[in-house]
Amino acid sequence: MRNPVATPASVILGTLFLGFIAVVAFSYLTTSKTMYALEQARWSYVWERAFLLFTDSFFAFQCAGALIAYSLFLSVPVFFERRSLFRYLSSVVISIVVLTVLFLVCREGFAPAFKRHMRESRAVGLFSDALYRSALEEEKAGDPVTALEYLRIALLSDGRNKDKIAEKTAIFSRLTDAQYEEYLARTTGSDPREEFDAAAALERARAAFAKKDYPRALAFAQAVLAVDRANAEALRIAGIAGEKSYGENAARQTADERYLFAQKEMGVKALTAGKAGNAEELFRAYYLFLDLHRRFPFDQNTAGYLQEASDLLPSVSFFTADAELALSFKNLADADVVFFNGERDGVRELVSIEEMVAAGDRTYFRNVEVAGFREQNGTRRVLYHYLAPFGKLIGKNINLNGIDKAEPSRRTTIRILEGVPPDGLAKGVALAVPAADLHSFSLSQTDIADRGLGELFALLPPFRPQPLFAQYARVDDLIVREIALRIALPFFLIILTLFCFCIGLTQNARYLSGAPKSVYVWVLVIPFVMIAVMEVVLFLYRMGAVFLYEALGPLVGIIVIAALHVFFLILALLRFSGKIGSSLRK
Amino acid sequence: LNTRAITCYNTAAVKDTLLAVIIFCLVLAVVAAFCTLAFAVYLIGSRLFLFPAVAPEMLLKVVPAAFRQVFLPAVLLSLFFALVRMRRKPGLVFLSYLLLGALAFGALYFGPQLVAAPLNAEIAKVRAESVVGLRDLAYPRQLIPLEGAYLYFDRKEGADLVDGFLVDDARPAPRVDFFDRAPVTTGADGARLGLPGPAGAKTLAPQAAESAPFAPDTSVQSTFAFFQSLNDRFLAFSGERTGAALVVCLVVVLVVLSSSVFLRVTRWPLANVFIALLVLCLILAFYNFLINQFLVEVKKLLGESFWTTLAPKGGPLAAFFGESFWLTIVPNGVLAFLSLVFFLFDFVFLPERKRERPDA
């Protein structure tokens, strides 16, 4: 033995280890700070990226190790009996199988999980980065409060990012008192109008007084006095406004009270109907109480009803501004989600969604197009076809009632393109498919290749009562094809390793007294040349296998692919045995 | 006894020389067949949109064109493999070199002339014939995911799709177009669905998951682009059938032959193979650079008139080299010079060490 390394498997393991270190170093050095990776997830990003690169290069490293093993480090022992030859051969083959199992565990076990985690942290990172950029733009546009709000959300997921923290601190230091109050009002999560702010009320009392709106000025001044009885300015406004308004506004006050009562009565009726499930009445009640609350801010009943209506809104609608904000992050969007939403009474419903963004526990949609059609006696009739600009997933429905927080005229409604939409649209489109599956129905999702073998099996019977993609042509076929190729790949690795052993045995070094150190440079270079070679080999392998599958059909294709693997495996084993067996002394 | 020994040695050497030639021919046949098949598969998969269940005759139709495209790399690779084998058992070295060189040169010069099938015409012909059998149109009453679209139809009548719809993702909403009847035609850019009304015709292309196995990723693409560029130049010259083709074939063969000197850099043959391959790739990349970038810039600097000064149109040089006098002389001159240097090192400055002293 010319080297302490004793077995081919240990040479291959050594090559894999060196390759892994090199890949980790490469991943660390090429992970730029400007990348989307979250600050706190940077190390896991570097590690996961390195692991995926290593898995992709596993073939190259293993084959390079196999080439080097017998060509430089090992010599074939001399065998004097067949039994010891077979023992040696079986030990080599078993070690190769064990290494291949290691590849399988990396490729099908860890890699899909890492890919998923990287995808998720990428999505969060992109979201945080987009918020950061929006904050910078808002700050430049002169709206530091919105900028701070964006930065606050961005830092929720990227709390250790120094740039974002520095920007937030800088904006904070430039805020005026009023802006700070506004920021607080926003970040406490409650509506500013519900909060009583004595200074703001006094300011409004002053403004009303200046406009000679004495009843309003009086109301605001009295509200200030309720919390600050010694406020001189409020006392002065209350005194003058009270005196001025007493006589001339008595009649108007009575009219206002009557109006308030009538409107409240109407609102309560609408609210009751809304509670019973009538979304339209609920919207009416919400906007009615909102208007009343603006006009009579100190009426406690109105405030209570408005709160009640606001609490009920999320069950039947969403704020369009939230949907617009979520959908503005294009990088997070699943594009072109198209699916058949079940079949009821012979009517098949098609749903086409241009974009879908899942932000936290909320999922928003852009351009939801729904068409129902009936196919009977060889003819097709479109019963309805409509389009909604926005939607939100609420329960098991795609809700289409986008409303504006303050302006009823800016509500989004469906546009009917053909026919008459079915009843019950107030709650939205009732999903006949699990909401969690919507993501898979996106045309932009080409991640079948990214899923692990177990996940791929889980998409098909018997692991699933019905295939996920039963209504799509070819998708199940592509999954079966992917599974077949994944199962064949480890065998291909064994075949290549055995052939590489044979090449190594043919091209073995001719040093009598140990190789010079300069030669070891090539031990380091060969694995990296092999990466380029293996990329071409694996591309040709995959292309050829897919072609066979497509050309011959699934069943025959799989049989032929399997037969070819068996043939080449036997050939490789015979060739390797022949090379090793040449040293058998009879 | 000496005479007998010499005779035995000569017989073995001649045998090894002949073996080298036979190995070259066999390797060339295998490599060319493999590369041609792989390229034909690639062509069908990547350029024949929605290829139907692949009939053997379709593969056969594309084979000649594929053969032309892969011939240069196949010959160079085979020559390299033969040289690796020859270095172990060189036989009569000069004769081995001469025979291998002559064979490779002959194959390169005459090979492409044997097959004159223009690739694009063949592809267009196959596309035109595959209207009816479009594979993805064999799925009535199912959503067919395509590149940027979803297609659905109730049934197929001839080349028409009946009672269906197309969700065209490239369009602003509304994107669903229902149709009662829409004809499918194939043209140079693939299959097209003729929708009634303002929607018009829509090109149908396979979804990414279907075409991905036939689309090499960036690194593989750059490897292929390297050979593609070399091959395009070679085919352009060989199409002219002038002196340029002769010079290119000769020089390329000489470079591969001479670079075999790197097959004895160390006493580790495997490392030598990698070294020689790397050197060869570098030289050919340099050759590509000279032709595609350096000479183009020089031409811009010096102008067209200088270009024709040495080889005026109608003159004997232009007649021999065609339109590409400078493109032939400069890069091939550089390659010829490198070959000469390598040959000098191989045979004059560092003649081969004797095999009886393996650790010398």
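Each remark here, short or long, concerns the structure printed above.
Thresholds applied
Residues numbered from 1 in each chain as written. Chains lettered and ligands numbered in written order. Predicted model: local features only at pLDDT ≥ 70, side-chain atom pairs only at ≥ 80, totals over all residues. Heavy atoms only, no water. Buried < 20%, exposed > 50% of the residue type's maximum accessible area, 1.4 Å probe, protein only. Helix = DSSP H or I, 4+ residues; strand = E, 2+ residues; numbered from the N terminus. Arc of directions from axis to C-beta. Contact = heavy atoms within 4.5 Å. Salt bridge = Lys/Arg side-chain N within 4 Å of Asp/Glu carboxyl O. Buried area = accessible area lost by both parts, 1.4 Å probe. Polar contact = N/O pair within 3.5 Å; in protein donor to acceptor, adjacent residues only side chain to side chain.

**A short note on helix α13 (residues 320-327) of chain A**
Given 3.6 residues to a turn, an α-helix orients residues that are three or four positions apart in the same direction.
Residue and element names in this part refer to chain A.
Then, in step 1: For α13, every residue scored as buried is listed here: T320, A323, A326 and L327. Seen along its axis, α13 keeps its buried residues to an arc of 130 degrees; they face one direction.
Then, in step 2: Check the buried side of α13 and you find it contacts β1 (318-319), β3 (347-359), β4 (362-376), β5 (379-394) and β7 (402-403).

**A short note on the pattern of salt bridges**
Then, in step 1: In this structure the tally under the stated criterion is 28 salt bridges over all chains.
Then, in step 2: Close ionic contact of R152 of chain A with E149 of chain A constitutes a salt bridge, the shortest N to O distance being 3.1 Å. Of this pair, R152 of chain A and E149 of chain A both sit in helix α4 (residues 144-157), 3 residues apart, roughly one helical turn.
Then, in step 3: Judged by its relative accessible area of 25%, R152 of chain A falls in the partly exposed class.
Then, in step 4: With its nearest N and O atoms 3.7 Å apart, the salt bridge here joins R175 of chain B to D169 of chain B.
Then, in step 5: Classification of R175 of chain B as buried rests on a relative accessible area of 1%.
Then, in step 6: Accessibility expressed as a relative area gives 12% for D169 of chain B, which makes it buried.
Then, in step 7: Here the salt bridges share partners, and the residues they tie into one network are R141, D154, R155, E157, D160, D163 and R181 of chain B.

**Section: unusual backbone geometry**
Then, in step 1: Cis geometry marks the peptide bond from A173 of chain B to P174 of chain B; its omega dihedral reads 0 degrees.
Then, in step 2: Within the element layout of this structure, P174 of chain B appears in the loop between β3 (160-168) and β4 (176-187).
Then, in step 3: Unusually for a residue other than glycine, D345 of chain A sits at a positive phi of about 50 degrees.
Then, in step 4: Notably, N367 of chain A is not glycine yet its phi reads approximately 50 degrees, a positive angle.
Then, in step 5: Accessibility expressed as a relative area gives 17% for N367 of chain A, which makes it buried.

**Brief notes about the interface of chain B and chain A**
Then, in step 1: The interface of chain B with chain A comprises 61 residues on the first partner and 64 residues on the second.
Then, in step 2: The junction of chain B with chain A conceals about 5,400 Å² of combined surface from both sides, 68% of it contributed by carbon and sulfur atoms.
Then, in step 3: Three residues stand out in chain B for area buried against chain A, namely L143, F178 and W268 of chain B, and they jointly supply 14% of the buried area on that side.
Then, in step 4: One can count 2 salt bridges joining chain B with chain A.
Then, in step 5: Across the salt bridge formed by D336 of chain A and R175 of chain B, the nearest N and O atoms sit 3.1 Å from each other.
Then, in step 6: On inspection of chain B and its partner chain A, the count reaches 12 residue pairs in polar contact (both at pLDDT 80 or more).
Then, in step 7: For the side of chain B that touches chain A, the element with the most residues is helix α8 (residues 269-309) of chain B, which contributes 7 residues.

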